[in-house]
Amino acid sequence: MYRHWVVFAFCCFGELCADQTLKPQLAASQLATNNPTLTTIALEKPFCMFDNSLSPNKSYVIYLYAMKESAVAVSSLVTDNSSKPLDSTFQQTSRGELGPYKAALFNVPNCASPPKLADVGNVNKVADVLKQYLFRVGDDGTCLYDPNFLGVCNPPLAPDTTYRFKYVLVESTEGIMKDQTLWSDPIKTRRVKLPLKIDTWPGRRSGSMIVITSIQSVLVFLLLAGLLASVSSAVMRSEDASAETRHMSQSIQQNEPRPQLSSE
């Protein structure tokens, strides 16, 4: 009984229970902070989504497809006429602008034995829990440039861009799609902040205030440098005048006639 309550709690925590709308969801903020980022989007894996489509003694895998929101008007199909899933790549679809591309392939999550949320607080187990629970789209920054890479390439997403995602259940032996989710709601990556909009510590000053403060600091420095130079120059002139006065005094004293002593 306890195991069933754990499964139910995990599904409802991720809003992926079978009675919910079947489409990919953003990972819960408790497990994926700062999500989305500029180039990645963390999604919940499809726990308990395809249980009714699984047959005993058969193996299955999950394909994750991604596309830009603008590609919906072009094509959102992920299978061919024979129900085989497409192998379209990131490059072939112009980064998802021309249609869906395959972003990931992984095993069907085990609905009967989901990760334990209590383990998130355990430093030694949190990495494994996150790996089981979520998938981060756009997390591979090297596959596009590695000539020896043979897997499914999951390159970084574009900043400030809206994407949609779909999970597809594929029977491994036949390579045929057995089930699929709806396309996700639009999910947008973060926008690059301009310097003028960045809040900085202390005082949460804007970029323009920082520039003005920097200019003022430079002007104060130049003013102080000029003042010190003026004082130094005045001191040096004063010393030169004093030395010249002493020199003139000595010359006058040497040129004055000395009184002669009379002999008695």
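Refer to the preceding data block for the structure.
The rules behind these values
- Residues numbered from 1 in each chain as written.
- Predicted model: local features only at pLDDT ≥ 70, side-chain atom pairs only at ≥ 80, totals over all residues.
- Heavy atoms only, no water.
- Salt bridge = Lys/Arg side-chain N within 4 Å of Asp/Glu carboxyl O.
- Helix = DSSP H or I, 4+ residues; strand = E, 2+ residues; numbered from the N terminus.
- Buried < 20%, exposed > 50% of the residue type's maximum accessible area, 1.4 Å probe, protein only.
- Disulfide = S-S within 2.5 Å.
- Core = buried A, V, L, I, M, F, W, Y, C linked by side-chain atoms within 4.5 Å.
- Contact = heavy atoms within 4.5 Å.

Turning our eyes to something else, we now look at the pattern of salt bridges. Close approach of charged atoms allows side chains of opposite charge to pair. Taken as a whole, this structure holds seven salt bridges when the rule is applied. In this structure, Arg 191 engages Asp 160 in a salt bridge whose closest nitrogen and oxygen atoms are separated by 3.5 Å. Here Arg 191 is found in the loop between strand 7 (187–188) and helix 3 (207–255), whereas its partner Asp 160 is found in the loop between strand 4 (134–137) and strand 5 (162–171), with 31 residues between them in sequence. Since its relative accessible area comes to 54%, Arg 191 is described here as exposed. The partner of Glu 174 in a salt bridge is Lys 178, with the nearest N and O atoms 4.0 Å apart. Several salt bridges converge on common partners, so that one network encompasses Asp 160, Lys 188 and Arg 191.

Attention shifts here to the state of the cysteines. Here the structure, examined in full by the defined rule, presents two disulfides. Bridging Cys 48 to Cys 111, the disulfide has an S-S length of 2.0 Å. Looking down the S-S bond of the Cys 48 and Cys 111 bridge, the torsion is 90°, so its handedness is right-handed. One end of the pair, Cys 48, is in the loop between strand 1 (41–44) and strand 2 (60–68); the other, Cys 111, is in the loop between strand 3 (101–107) and helix 2 (126–133), and 63 residues separate them in sequence.

Core analysis: the largest hydrophobic core is formed by 21 residues, its most contacted members being Ile 41, Leu 43, Leu 64, Val 137, Phe 165 and Tyr 167. If you list the elements that add at least two residues to this core, you get strand 1, strand 2, strand 3, strand 4 and strand 5. Apart from residues no more than four positions distant in its own chain, Leu 43 is found in contact with Pro 24, Gln 25, Leu 26, Ala 27, Leu 64, Tyr 133, Leu 134, Phe 135, Val 137, Phe 165, Tyr 167 and Ile 187. Counting residues in hydrophobic clusters, the runner-up holds 10 residues, among them Val 61, Val 78, Val 170 and Met 177.

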